Amino acid sequence: MIPEAPAAAEPVPGAVREAIAARYEESGAARFGISAEVFEGWAAGAVARYGAGWSEREQKELAAGLHVEELVLARACAEGNEDAWRELMARFGGQMHRTVAQMTRDDAAGRELADSLWAELYGRENREGRRVSRLESYMGRGSLGGWLRTVLAQRHVDRCRAQRNDASLEEQMEAGVAFAAPAEAVAAAPDPRLNAAVSAALHELDSEERFLVAAYFLDGQKLASIGRQLGVHESTVSRKLEKVTAALRKRVRKRLMAEGIERRQCDELLAELDVRDLDVNVRRDLGQEKKMETF
């Protein structure tokens, strides 16, 4: 199956599109019958999503850093290309099996989790009869292996939450959580520009960054626990968290200054920032259920 070209070009500057076009050959798209036009549309979509509001130079750097070969592989799989699927399974099937075993430590639960993930990646038909695959959301900003581990970790967390939520009302009352006291009201409304800046910055996170921030700040997981789910050492998780939180602050500051707020005031707002006080729908922006504590 040869994918159709995008209906409309992504809004990126011509120089950025030229930088993307120059990476077509190294992407290996031709071996799956994917045209340069289609490839450019996929890569431009990633730049438009993560580089919105960036300078042309920054967008070109983003385009140069995309994992274009893995982006093509994922999108070819999403389009139902059987050769791409065989390659995906050969490259990542064993890795996913080991990751599942490490997460669940239960063969039956591990097989169920892995099967549900592959079914989601392979895709299901929607109401319009179009096959929809989770692989369509992979943008090539990080490695495909890391993205797959993140999706798998998210599914594992969702499954654990569902099991916890199945507890009976009596069990919840006994634990003292059925009628938890409401949070205290916030005295003063935050600057709406701060709301918008934080929401936009969260939206720009890639899948692994979203999982790291949500797992640590929303769920209160320990570094070692997050590391086990992603198959990396806790020191690596710590470095990644430090990097992503620093990037979030930088993006928020940049957007605030673009709104005319002086750097000193930006720093003051960020120093006092508590996302619980914002009108930002953090659950929507991070795809999680709980509120983020703080940056």
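For the structure itself, look to the data block above.
As a starting point, this report considers the structure included with it. Computed from a predicted structure; not experimentally measured.

## Focus on the side chain of Ser-133
Within the secondary structure, Ser-133 sits in the loop between strand S2 (131-132) and helix H8 (144-165). By relative accessible area, which is 4% here, Ser-133 ends up buried. At 2.3 Å, the side chain of Ser-133 and the backbone oxygen of Leu-121 are in polar contact. One polar contact links the side chain of Ser-133 to the main-chain amide nitrogen of Leu-135, over a distance of 3.0 Å. When neighbours within four sequence positions are excluded, Ser-133 is seen to be in contact with Ala-78, Glu-120, Leu-121, Tyr-122 and Gly-123.

## Some points on the environment of Leu-117
Inspection of the secondary structure puts Leu-117 in helix H7 (residues 107-122). Assessed through its relative accessible area of 1%, Leu-117 is described here as buried. Look past the residues within four positions of Leu-117 in its chain and what remains in contact with it is Val-151 and Leu-152.

## Some remarks on the packing of aromatic side chains
Scanning all chains against the criterion turns up 3 aromatic pairs. Taking the ring centre of Tyr-50 as reference, the NZ or CZ of Arg-141 above it sits at 4.8 Å.

## A few points about the layout of surface pockets
Each pocket or cavity is described by its volume, and for the largest pocket that value is around 1,100 Å³. Every residue lining the largest pocket is counted, 41 residues in all, and those nearest its centre are Arg-141, Glu-204, Asp-206, Glu-209 and Arg-251. Taken together, the elements giving at least two residues each to the lining of the largest pocket come down to helix H3 (36-50), helix H4 (56-65), H8, helix H11 (207-218) and helix H13 (234-258). With 9 residues, the single largest contributor to the lining of the largest pocket is H13. Grouping the amino acids of the lining of the largest pocket by side-chain chemistry returns 13 nonpolar, 10 polar and 18 charged.

## Here's the deal with the pattern of salt bridges
Two side chains with opposite charge may pair up if their charged atoms get near one another. Counted under the stated rule, the structure contains 15 salt bridges. Ionic pairing is found between Arg-86 and Asp-83, a salt bridge with its closest N-O pair at 2.2 Å. With Arg-86 and Asp-83 both in helix H6 (residues 82-104) and 3 residues apart, the pair spans about one turn of that helix. Under the relative-accessibility criterion, Arg-86 is labelled exposed at 52%. With a shortest N-O distance of 3.0 Å, Arg-91 and Glu-87 are connected by a salt bridge. Of the two residues, Arg-91 and Glu-87 both sit in helix H6, 4 residues apart, roughly one turn of that helix. A relative accessible area of 21% means that Glu-87 is categorised as partly exposed. Among the charged side chains, a salt-bridge network with shared partners connects Arg-31, Glu-69, Glu-70, Glu-87 and Arg-91.

## Section: the packing of helix H1 (residues 14-21) against H4
Two elements in contact, H1 and H4, have axes whose closest approach is 9 Å; the angle formed by their N-to-C orientations is 15 degrees. With respect to each other, H1 and H4 are oriented roughly parallel. H1 and H4 meet at a crossing whose hand is right-handed. On H4, the residues touching Ala-15, Val-16 and Ile-20 of H1 are Glu-56, Gln-59, Lys-60 and Ala-63.

Cut-off values and rules
- Residues numbered from 1 in each chain as written.
- Predicted model: local features only at pLDDT ≥ 70, side-chain atom pairs only at ≥ 80, totals over all residues.
- Heavy atoms only, no water.
- Helix = DSSP H or I, 4+ residues; strand = E, 2+ residues; numbered from the N terminus.
- Buried < 20%, exposed > 50% of the residue type's maximum accessible area, 1.4 Å probe, protein only.
- Polar contact = N/O pair within 3.5 Å; in protein donor to acceptor, adjacent residues only side chain to side chain.
- Contact = heavy atoms within 4.5 Å.
- Phe/Tyr/Trp six-rings, centres within 6.5 Å; stacked < 30°, edge-to-face > 60°.
- Lys NZ or Arg CZ within 6 Å of the ring centre and 35° of its normal.
- 1 Å grid on protein atoms, 1.4 Å probe; cavity = no way out; pocket = protein on both sides within 12 Å on 5 of 7 lines; lining within 4 Å.
- Points joined across faces, edges and corners; volume = space filled by probe spheres on them.
- Nonpolar A, V, L, I, M, F, W, Y, C, P; charged D, E, K, R; others polar.
- Salt bridge = Lys/Arg side-chain N within 4 Å of Asp/Glu carboxyl O.
- Axes fitted to C-alpha atoms, helices over the stretch in contact; angles between N-to-C directions.
- Parallel < 35°, antiparallel > 145°, perpendicular 65-115°, else oblique.
- Left-handed = near helix turned anticlockwise from the far one by under 90°.

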